[in-house]
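Below, each chain spelled out in residue letters.
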Amino acid sequence: MTDTLMSNGCTTNGPVENGYFKKGCNPFAQTGRSQLQNKRALLNQEIIKKMRMRAGAENLLKATSNNKVREQVVLELSYFNSDLQRLMIQLEGLNSSVDVYQNVQETASIPLIPLGLKETKDVDFSVPLKDFILEHYSEDGSNFQDQIDDLMDLRQACRTPSRNPSGVDLLANYFSQLSFLETRFFSPTRQLGIFFTWYDSFTGIPVCQQNISLEKASMLFNMAALHSQIGTRADRQTQAGLEDAIAAFQKSAGVLHFLKETFTHTPSYDMSPAMLSMLIRLMLAQAQEYMFELITLPGIRNEFFSLLKMAQEAAKVGETYSQVHQSMIQTPIKNNVPFFWTTMSHLKTNHYNSLAHYFVSTALLDHQLTPSDDEDKQEKALSQLYDAMPEGRSPLDILKNKDDRKRIGKAHLQRSIMGHEEAIRTHSCLRHLKERDILSDILQASLKRSLTKFEQNKDDEFTDYMLAPDIISKTEKKAEMEIPAAIKGPLSVFSAKQRWSAPRTIRLRLQDRDLGFTLKGDVPVQIQSLDPLCPAAAEGLREGDYIVAVGDTECKWLGVSDVMKLLKDVDEEGVNIRVVSMMDSSSQPMPTKSATYCGGLPKTYSMICLAHDEDDKNPKSRKVAKKPSFLSWGLKNKNSSSTLSLPTADFNGPWNRPTYPTSYDESALY
């Protein structure tokens, strides 16, 4: 597979001979991220070696009755367990090494937590696929050697994707090909003998199965991980950078949610429902943190209403991180999540809650009610800040009474100071950030600001300070999961899992320059907000219908903006559209979706991979001749009549996803 690499560290994105596939970056490029991933791969190999030795010792312990041998074996087992524990700690350290993923130009930003890519072993599709082609399709499998090599090259490239949207497209491309591959070659009645091996991202424990669903689920996990790395790398000093980062983390959460809902019995612990739920919360919390930074990017006005708004926004971030921390400390997640992650979520909970209390104290202490102020508006804003007003006082009484404002403001300052001090104590436990002083500087500056304001409002006489109430969290825009169209497109919508009506033709006509409905969704688009009195509704259009064609143009792969361009030219005569409706399939029993393959195996966590020799691999000679792409199997091909004789499923339809043009740059090196 050496032809996938180039000397400059990253492969070209352009077409290779006939433009059928994209390449990853050089895994040997000396970047921080590549070095970290290489260390992860070496640790995984060490873990599997120790597990082999431990398994052998356990088998010997069961087989022998010699007491002396048993004592020696028990001693060896203790060494193996100790070595495995040491390797697990080193792997946890890699998952805690977040610095290499941050934007190198950041000078005053709190670090975020990205996901690391899952590691895998090489897979040789050649012999099993050629045998299946000969047996099932009665064709010489060697005629398709180049296409099989293309598939293996594409998988190899997915192990080192670039950290930009093109890298995500690369993984999405391979994920879509796996669906085609599953339909054509993976029969439910027989096994091909292709073993997919993936290492747990948190424990390093390998999982080896013949089920292609393990490959698909692991690819989705890496897509989510890459989205999180893109979000972490974004420029947080610009509005565009923050918006891109928010979208990246929301997509990461969306992919993880899709993985959780689609593959419900994954054998790897990092893809278990409990772990995925925690990771989804973590990605959404970081997206919410970015939203707070986006709001504060122009600066915070020292004005009553602005300060209360910022207080509730900060409280929202603190609330989301509190939920993340609570999920991390639950059994069994707490036994596998890096201590750094748990500590960091607790730190951010305290930090953002302390910011919220500081903003409220500033609003109460620095902005007294004056005759020119809108008294009713301030009263309403303050009443929406608490679940219950302090000491049962009314909002208007607090606003008008200077002593009450000062007392409550100082109470919020006290909670701000205590929260910042707790965050600083928590930071001292983060040994992986001791060389990175940015977070420490931010926490110290926040504490100093609160202490300074407290000194400015300190009374000479002793005062019995009250406990400030909690602040209600509120945000203008809540972080939500966003499932990318690459995995939520027609291949998942138009599938055998759904029941569809026959396509219906609807004549669209303008009525007062309005079609009578709006569109939603990514790919394909859906009808929403349908006016029941519009001409389209009279023609039979329904809420929730999917548009599959406008005029003579197929729309299964078109988004909202593209479909709107087709509809904007509708004249008085109108235009025909074709729509389909999703029918109720609740009466039909659905099989359990699973990424595991039992197949009579005694264990879910198959250790077949332990029997494979890592070093017993010989590089193959590569092809140089121009060839049709494996990715076009089953499509109409004028240059090859043999591809038309693989009649397992019809992929000539319009929902065949075209490959994407890509671009790489040196800054996106693996």
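Residues numbered from 1 in each chain as written. Predicted model: local features only at pLDDT ≥ 70, side-chain atom pairs only at ≥ 80, totals over all residues. Heavy atoms only, no water.

Taking an unreviewed UniProt entry as the reference, the protein chain is identified by name as Rhophilin-2 belonging to Phoxinus phoxinus. In its Sequence similarities (unreviewed entry) section, UniProt records this for the protein chain: "Belongs to the RHPN family." (UniProt positions renumbered as here; feature names shortened; annotations may be inferred.)

Let us look at the overall build of the protein chain. For the protein chain, the count of helices and strands is 17 helices and ten strands. The buried share among the 670 residues of the protein chain stands at 52%. Long-range contacts, defined here as pairs at least 24 residues apart, represent 77% of the contacts in the protein chain between residues at least 6 apart. (Helix = DSSP H or I, 4+ residues; strand = E, 2+ residues; numbered from the N terminus. Buried < 20%, exposed > 50% of the residue type's maximum accessible area, 1.4 Å probe, protein only. Contact = heavy atoms within 4.5 Å.)

All right, on to the pairing of strand β1 (residues 196-199) then. Of the two faces of β1, the one carrying Phe196 and Trp198 and the one carrying Thr197 and Tyr199 are both buried. Linking β1 back to strand β2 (residues 206-209) in an antiparallel pair, the connection comprises six residues, with Gly204 at a positive phi of about 80°. (Pairing = 2+ DSSP bridges.)

The subject of this paragraph is the pattern of salt bridges. Taken as a whole, this structure holds 18 salt bridges when the rule is applied. Close ionic contact of Glu539 with Arg509 constitutes a salt bridge, the shortest N to O distance being 3.5 Å. Pair noted here: Glu539 is in helix α16 (residues 535-539) and Arg509 is in the loop between β4 (504-508) and β5 (518-520), with a separation of 30 residues, a long-range link. (Salt bridge = Lys/Arg side-chain N within 4 Å of Asp/Glu carboxyl O.)

Moving on to helix α9 (residues 304-328). The end-to-end C-alpha separation of α9 is 36 Å, in line with the 36 Å expected for 25 residues at 1.5 Å each. Structurally, the start of α9 carries an N-cap: the backbone nitrogen of Phe305 is 3.2 Å from a side-chain oxygen of Glu303. (Expected span 1.5 Å × (residues − 1). Polar contact = N/O pair within 3.5 Å; in protein donor to acceptor, adjacent residues only side chain to side chain.)

This part covers unusual backbone geometry. Cis geometry marks the peptide bond from Thr331 to Pro332; its omega dihedral reads 5°. When you line up the elements, Pro332 lands in the loop between α9 and α10 (339-366). Its identity as a non-glycine residue notwithstanding, Ser138 has a phi of 55°, on the positive side. Within the secondary structure, Ser138 sits in the loop between α3 (126-136) and α4 (145-158). With a phi angle near 50°, Ser529 is a residue other than glycine that sits in the positive phi range. As for its position among the elements, Ser529 is in the loop between β6 (526-528) and α16.

With that settled, the discussion passes to the packing of helix α6 (residues 212-233) against helix α7 (residues 239-262). Interaxial distance between α6 and α7 falls to 8 Å at its minimum, and their mutual angle equals 165°. What the angle tells us is that α6 and α7 run roughly antiparallel. Relative to α7, the crossing made by α6 is left-handed. Two secondary-structure elements touch here, α6 through Ala217, Leu220, Phe221, Met223, Ala224, His227, Ser228, Ile230, Gly231 and Thr232 and α7 through Ala245, Ala248, Phe249, Lys251, Ser252, Val255, Leu256, Phe258 and Leu259. (Axes fitted to C-alpha atoms, helices over the stretch in contact; angles between N-to-C directions. Parallel < 35°, antiparallel > 145°, perpendicular 65-115°, else oblique. Left-handed = near helix turned anticlockwise from the far one by under 90°.)

Another aspect to go through is the packing of α9 against α10. At their nearest, the axes of α9 and α10 sit 7 Å apart, and the two run at 160° to each other. The orientation of α9 with respect to α10, classified from their angle, is roughly antiparallel. Where α9 crosses over α10, the handedness of that crossing is left-handed. Counted by class, the contact of α9 with α10 contains 18 nonpolar, nine polar and two charged residues. (Nonpolar A, V, L, I, M, F, W, Y, C, P; charged D, E, K, R; others polar.)

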